[in-house]
Amino acid sequence: MSLEQEVELIRRFPIFSKLPPAKQKLLAFTSERLTFDAGHVMFRAGDAGEACYIVIDGSIEISVPTPNGPLVVNTLGRNEIIGEIAIFGDVPRTATATTLSRVETLRISKDQFLSVIRENPDAAVELIRILATRLANTTAQFSKSLQKS
Amino acid sequence: MERSLFGFILRYSKREQILILPLVVASMLFYFATLDLPKAIVNQPISGKGFSQPDSTMPFLRFVWKLPDFLGGSTVHLFEGFAMERTPYLFALTISFLILIIISGLIKLQINTMKGWMGERMLRRLRFTLFDHIMRFPLPHFRRVKAAEMATMIKDEVEPLGAFVGDSIITPLFLGGQALTALFFILYQHVYLGLVALVVVVVQTVIIPKMRRRLLVLSKEQQLTARQLAGRIAECVDGVTEIHAHDTSNYERAEISSRLGRIFLLRFELYQRKFMVKFLNNLLSQMTPFLFYLIGGYLAIIGRLDIGTLVAVIAAYKDLPSPVKELIDWDQQRLDTGIKYTQVVEQFTADDLVPQSQQELIESPQLPQQGLVRASNLSLVDESGSKVIDGVSFEFDMAQHVAIVGAAGSGSGDLAQMLARLVPPTNGNIDMGGVDITRAPEAVTGRAISYVGAAAFLFPLSIRDNLVYGLKHWPVHEVPYEGEALKKREHWLKESERAGNSTLDIAADWIDYKAAGVSNAQELEQRILEVLKSVDLEETVFEVGLKSAVGPDQAAGLMDGILLARETMRERLNQPDIKDLVERFDLSRYNRNATLAENLLFGTPVGKTFDMENLARNAYVRKVLDDTGLSGDLLKVGYKLAETMVELFSDLPPGHEMFEQFSFISHDDLPGVKEILAQVSDIGLDRITEDDRNLLLALPFKLISARHRLGLIDEALEARILEARRHFSETLPAELRGAVELFDPQRYNSAASLQDNILFGKIASGQAGAGARIGLLMRQLLDELKLRPLVLKIGLAFQVGTGGARLPVADRQRIAIGRAILKRPALLILDQAGSVLDPASQNRLLENVLQCRRGSGVFWVLNRVELAERFGHVLVLDGGRLAASGSYGDLKEGSEPFQHLLGTA
């Protein structure tokens, strides 16, 4: 996969979509193509988050630690993004990511992402909008589940 | 030190000054003769006086003088001379003149040489004395002095003093003698003309120095401001982090600028006055010939003076102003250097200078071995007059491990420094195994005690040299000298003695093996490895060793091992789960994890010739590229790369972190590259200038296909690069062979690091955790092959840089602690020495150090109270007083101040 295809991939995600094309390309150029073997723990809940990963190929199991052992909450695959919360701030990982197969990713580090955002106030505003929407959704879900119970 | 410059000069160079005196007197006699002879030449053979007949003769070398009337007017006959005709007589006289000039020149040469020697010896002595004073300053004194100022004083400011020493006594004698001789000569020739000369000289000597007084003041002020400037610049360099952190660079610029402005004004005034004085001086000295021509000419016309005498007088007068002027210069220099000397000496004077006897060289002093460390009634008053330590008394066994704890400002650090005798107590005393520590020579305290502070200093040497630094008390094994070398050494020693310098041989082996508990260098090496373990430094040194490139001279005995490791590594890497982690160098394959440059050279550059930055401009590389038809293709790749870089990076601000990390082109070069790109679209790639071509061609060399993923190097191009690779090594001219170490699976590559040698390839990018896994594998392998000690040895040769800057602070502290342990002191004092380490490492270090010091004393000022649990005895300091002492358990139960520190009270 060439840089151009990676740029295409990056562009699909809302948090990167409002960046100017040159910046998307810069982000792709400065990101790292990283392959994980099957059964590899990409990161653990509680770790400091340093990067997010765009999955190019393979599947990943997301689990959260509970007193009764890890609880699988999700499985992610091709063209999905994981760990993106980490690149917004100093939030520790909320879940553990383990590869189920050989996984190919594009690793975008927090430092690079932030330094690109810092130069682009428009993209920052867009980012705030996305986060606000997510927050609203979470709140709505939360109150729904409260009502149910 | 002598308070005045002349005191210093007389004390140390009297003998040499006196030795020069006879030469000065001799030179005056010859000088007089050279003044007198021209008169005879003009008057006798040239003007014909005494040669009235064609065959008249004159006596040559006739030594007959008619004494002046006031001496009785009789004549003295020494030699009647050879009779000569007019022309031979002219030859004889002029050749005599030439000989006289040569002799007096030779005498002057000798005087100058001797002066020079003397001056240099005195300069050497002065510098050494000043440095000696630095060595003897008490520690608190260093809070008041600036390192940069001290260094410039010793280096630059005393240099003119050295030059002046040679001139100090001889020059006034010589110049004065010369002036007096000339004046006497003129007076002797003609009284009136003599009087004219005398008047001018008197005016010169009275007026000019007066005008120069202001000059002196100015130059003194200038010196002071310049020295402060040096100090200030050093401050800015030291505080550069604060400057950037607080955006005060412009404030500092303004500050320096105002200082420079002051210096400018001072210097400007200085020059103006200097030139004014010069003008007056010149005027005066040129006025006199005018008078001579006028009066002397008139006297000659009326026949009261012969031409020869007039010529001689004018010649003699020409020599008169310059010695007088130089004499005035000398006087000014005397004042100037005198002031300089006093200023420098003031800076280097301290009332509480450590007496010389305390630092005397003692080869094997009686060191305290066992017994009690007893401090009684210790007090320390700091410069501001407040009591930092107040009446502290304690005792413990020298073999015990003692912790000392206290809040900030408790004085624990001061107590540690006192115990190490770095700071003398104001009151009270410290006894260690029967030795009075406050009075013992440094040879005892510096060997029986080790002290490590919170920010220990490393010298810019190798790790090993820093570790053994604490063993260098005296030249233990002298170097044997023989034949020519012995003669040189003796001369060297004599000169050192004459200048009052140290005569100890720096080339000797200074390492005191016995102090480290070993008997030779080999055993010491073993001991150093143990110490590395104790201070948790082994991994670091191992790592550093792996990353070092070792030349064949050092690598002897290692090369085979490394090649074996390379082979074993290759076998291990065949295992399916890790075989993709490393892409090995293969002559017949393009390595996508290596740069294009590495792929082309297929080797490691040695020196600058084939350095990445120089490749595109290198004539041979260009030839290889042209021969294989690659130039055009690479240029196209370079062009595309430049386009991409401009697109990606051109709107980032300068200094953006991404430039350094990712851009192929620096921010400063970007505009230039943009212009080149614009030009290319106008006139095409073929017609751009050579420089632009080089710039574009240099870019692709940095490309690593696997990492950069720009798709610029396709398989066809790879194949062509492989062809160029073959061409490169096959036609490599003999003179360039030394500039590159080609990759060869069977050969050790002395330009590459050990790690790269073993790997013989590149860690594949894009494999998660590849670096860590390969690193682990390599370690296992080196352990299996028993190569670890050799790698450590190479790591120990790593240069730590200025102040140890090439190592992290924690490692610097570890080395300092290792240095302190290596010399096996009776008492090891650690003053928060591990506080920069993270808590886990600190725990481990403490455990290891205490383990290795079992049965020997440790006195540890702790920054974390809970660590005191590991010590047999604990002292609690509060506000400079001993608040409690006892075992950890007892204190934890019963001592309120300790509970307070623990946070349990």
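Now for a quick tour of the structure.

About the criteria used
- Residues numbered from 1 in each chain as written.
- Chains lettered and ligands numbered in written order.
- Predicted model: local features only at pLDDT ≥ 70, side-chain atom pairs only at ≥ 80, totals over all residues.
- Heavy atoms only, no water.
- Pairing = 2+ DSSP bridges.
- Helix = DSSP H or I, 4+ residues; strand = E, 2+ residues; numbered from the N terminus.
- Buried < 20%, exposed > 50% of the residue type's maximum accessible area, 1.4 Å probe, protein only.
- Polar contact = N/O pair within 3.5 Å; in protein donor to acceptor, adjacent residues only side chain to side chain.
- Axes fitted to C-alpha atoms, helices over the stretch in contact; angles between N-to-C directions.
- Arc of directions from axis to C-beta.
- Core = buried A, V, L, I, M, F, W, Y, C linked by side-chain atoms within 4.5 Å.
- Contact = heavy atoms within 4.5 Å.
- Lys, Arg positive; Asp, Glu negative; His and termini not counted.
- Salt bridge = Lys/Arg side-chain N within 4 Å of Asp/Glu carboxyl O.
- Phe/Tyr/Trp six-rings, centres within 6.5 Å; stacked < 30°, edge-to-face > 60°.
- Lys NZ or Arg CZ within 6 Å of the ring centre and 35° of its normal.

### Quick notes on the sheet that holds strand E5 (residues 372-381) of chain B
Residue and element names in this part refer to chain B.
- Pairing in this open sheet of four strands is antiparallel, and the strands run E6-E5-E8-E9 from one edge to the other. Pairing within the sheet leaves two strands with one partner each, and these edge strands are strand E6 (387-397) and strand E9 (435-436).
- One ladder, built from two bridges, connects strand E8 (residues 427-432) with E9; its direction is antiparallel. Pairing of Met-432 across the sheet is with Val-435, part of E9.

### A few points about the environment of Arg-143 of chain B
Residues and elements named next belong to chain B.
- Looking at the element boundaries, Arg-143 is found in the loop between helix H2 (86-136) and helix H3 (147-157).
- Overall, Arg-143 belongs to the exposed group, its relative accessible area being 58%.
- In this structure the side chain of Arg-143 is engaged in a polar contact, spanning 3.1 Å, whose partner is the side chain of Glu-383.

### Details of the sheet that holds strand E5 (residues 69-76) of chain A
Residue and element names in this part refer to chain A.
- Read across the sheet, four strands follow the order E2-E7-E4-E5 without closing on themselves; strand pairing throughout is antiparallel. Edge positions in the sheet fall to strand E2 (41-43) and E5, since each has one partner strand and no second. Ignoring which end each strand starts from, the neighbouring axes of this sheet average 35 degrees apart.
- Note: strand E4 (residues 60-66) against strand E7 (residues 96-99), four bridges, orientation antiparallel. Residue pairing for E7: Glu-61 is matched across the bridge by Thr-98.

### Section: helix H1 (residues 3-11) of chain A
- Buried within H1 of chain A are the following residues: Leu-3, Glu-6, Val-7, Leu-9 and Ile-10 of chain A. Down the axis of H1 of chain A, the buried side of the element spans an arc of 160 degrees, and every buried residue falls inside it.

### Here's the deal with the environment of Lys-640 of chain B
- The residue Lys-640 of chain B is located in helix H21 (residues 631-649) in this model.
- Judged by relative accessible area, which is 44%, Lys-640 of chain B ranks as partly exposed.

### What to know about the nonpolar core
- Core analysis: the biggest nonpolar cluster contains 79 residues, and Phe-16 of chain A together with Phe-610, Phe-649, Leu-696 and Phe-701 of chain B have the highest contact counts within it.
- The element that contributes the greatest number of residues to this core is H21 of chain B, accounting for 10 residues.
- In this structure, Leu-696 of chain B is in contact with Leu-635, Gly-638, Tyr-639, Ala-642, Ile-676, Val-680, Leu-685 and Ile-688 of chain B, ignoring residues within four places of it in sequence.
- Counting residues in hydrophobic clusters, the runner-up holds 78 residues, among them Ala-403, Val-518, Leu-529 and Met-569 of chain B.

### A word on the side chain of Arg-447 of chain B
- Topologically, Arg-447 of chain B is positioned in helix H12 (residues 442-448).
- Despite its burial, Arg-447 of chain B remains without a salt bridge, the nearest opposite charge being carried by Asp-512 of chain B at 4.5 Å.

### Topic: the packing of aromatic side chains
All names here are of chain B.
- Inspection of the entire model under this criterion finds 29 aromatic pairs over all chains.
- With a centroid separation of 5.6 Å and 90 degrees between ring planes, the pair formed by Tyr-888 and Phe-898 is classed as edge-to-face. With Tyr-888 in helix H32 (residues 888-894) and Phe-898 in helix H33 (residues 896-902), this pair connects stretches of sequence that are 10 residues apart. For the pair shown, Tyr-888 and Phe-898 are each scored as buried.
- Site record: aromatic cluster; members linked through ring pairs are Phe-32, Phe-184, Phe-185 and Tyr-188.
- We note Arg-124 situated over the ring of Trp-492; from NZ or CZ to the ring centre the distance is 5.9 Å.
- One Lys or Arg, Arg-788, reaches over the ring of Phe-542 and ends 4.2 Å from the middle of that ring.

### Considerations on the pattern of salt bridges
- On inspection of all chains with the given rule, the structure shows 58 salt bridges over all chains.
- A salt bridge links Lys-25 of chain A to Glu-647 of chain B, with the nearest nitrogen and oxygen atoms 3.0 Å apart. Here the residue Lys-25 of chain A occupies a position in helix H3 (residues 21-30), and Glu-647 of chain B occupies one in helix H21, the pair thus bridging two chains.
- For Lys-25 of chain A, a relative accessible area of 11% corresponds to the buried category.

Bear in mind that shape data such as this cannot, by itself, settle questions of function.
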